[in-house]
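What the coordinates show
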Amino acid sequence: MKTYTLTVFEKTGEKLLDETFTATNDDEAKRIGEQKLKEKQLEHKTHRCTTSSGKLILFHR
């Protein structure tokens, strides 16, 4: 299992969410990240999901 970090920002730069989770691969992590965003109604905010090594797997501005 790999560790991923999902971060959501307001336009002012304020962090709205900074959450880590685990997934078996990048595709699963992208699905989990998108699901978490929808659950918290943050999918239209600026967000990113990265691997523990810094690889960007999900981004919206």
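Everything below is about the structure printed above this text.
Residues numbered from 1 in each chain as written. Predicted model: local features only at pLDDT ≥ 70, side-chain atom pairs only at ≥ 80, totals over all residues. Heavy atoms only, no water.

One finds Tyr-4, Leu-6, Val-8, Leu-17, Phe-21, Ala-23, Ala-29, Leu-37, Leu-42, Cys-49, Ile-57 and Leu-58 forming the largest nonpolar core, which totals twelve residues. The set of elements that each furnish at least two residues to this core consists of β1 (2–9), β2 (15–23), α1 (26–39) and β4 (56–60). Excluding its chain neighbours within four sequence positions, the residues that come into contact with Leu-6 are Leu-17, Asp-18, Glu-19, Phe-21, Gly-33, Lys-36, Leu-37, Arg-48 and Cys-49. (Core = buried A, V, L, I, M, F, W, Y, C linked by side-chain atoms within 4.5 Å. Buried < 20%, exposed > 50% of the residue type's maximum accessible area, 1.4 Å probe, protein only. Helix = DSSP H or I, 4+ residues; strand = E, 2+ residues; numbered from the N terminus. Contact = heavy atoms within 4.5 Å.)

With that out of the way, let us pick up the side chain of Glu-19. Following the sequence through the fold, Glu-19 ends up in strand β2. Engagement of the side chain of Glu-19 in a polar contact is seen with the side chain of Lys-36, the distance being 2.7 Å. The contact partners of Glu-19, leaving out residues within four places of it in the chain, are Tyr-4, Thr-5, Leu-6, Lys-36 and Lys-40. (Polar contact = N/O pair within 3.5 Å; in protein donor to acceptor, adjacent residues only side chain to side chain.)

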